[in-house]
Amino acid sequence: MDCYENPTSQFADTLLPAASLWESEALGLYNWREKGHAQVRRTVVAPTFERKPDLEVIFALAERLRLDNSFVNGDLQAAFDDQFAPFN
């Protein structure tokens, strides 16, 4: 998965169009100066063409491989909530 074709993509059997950072939501948990903090990056624009955010593809793949129990039953919002639970 990548936003653009690159030199390593010539070795791929299948190319998946990845969403850019502006087209996908992300969660980061960081330790800084002995204090932790969380950072959420919201989607700025909707993905164009057939591009999908990495996490959406990972969770869909987990469901198809029947690993969704390890991925909060495929619920991305529940996964974010689980990550934020220590901050509540």
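Participant: An account of the pattern of salt bridges is requested, with residue identities and associated values reported.
Facilitator: What the rule picks out here adds up to three salt bridges. Between Arg42 and Glu25 there is a salt bridge, with the nearest N and O atoms lying 2.5 Å from each other. Taken as a pair, Arg42 in the loop between strand E2 (35–41) and helix H1 (54–64) and Glu25 in the segment before strand E1 (26–32) lie far apart in primary sequence, 17 residues in all. Looking at Arg42, the relative accessible area reads 54%, which means it is exposed. Glu25 gets classed as partly exposed once you look at its relative accessible area, which sits at 25%. As a salt-bridge pair, Glu56 and Lys52 come within 3.8 Å of each other at their nearest N and O atoms. Residue Lys52 is classed as partly exposed on the basis of its relative accessible area, which comes to 40%.

Participant: Just give me the short version of the side chain of Ser20, but keep the residues and values in it.
Facilitator: Along the chain, the position of Ser20 falls in the segment before E1. Residue classification places Ser20 among the buried residues on the basis of a relative accessible area of 17%. For Ser20, the residues in contact, after removing those within four places along its chain, are Cys3 and Arg51.

Participant: Now, about the confidence of the model for the protein: what can you tell me, with residues and values included?
Facilitator: Per-residue confidence for the protein gives a mean pLDDT of 84; residues scoring 70 or more make up 98%. For the protein, E1 is the element with the lowest average pLDDT, namely 75, and H1 is the one with the highest, namely 89.

Participant: Run through unusual backbone geometry, naming residues and quoting values.
Facilitator: Of note in this structure, Phe49 is not a glycine but carries a positive phi near 55°. Structurally, the position occupied by Phe49 is in the loop between E2 and H1. Phe49 sits in the exposed class, given a relative accessible area of 81%. Not every positive phi belongs to a glycine, and Arg66 is a case in point at roughly 60°.

Rules and cut-offs
Residues numbered from 1 in each chain as written. Predicted model: local features only at pLDDT ≥ 70, side-chain atom pairs only at ≥ 80, totals over all residues. Heavy atoms only, no water. Salt bridge = Lys/Arg side-chain N within 4 Å of Asp/Glu carboxyl O. Helix = DSSP H or I, 4+ residues; strand = E, 2+ residues; numbered from the N terminus. Buried < 20%, exposed > 50% of the residue type's maximum accessible area, 1.4 Å probe, protein only. Contact = heavy atoms within 4.5 Å. pLDDT = per-residue confidence, 0-100.

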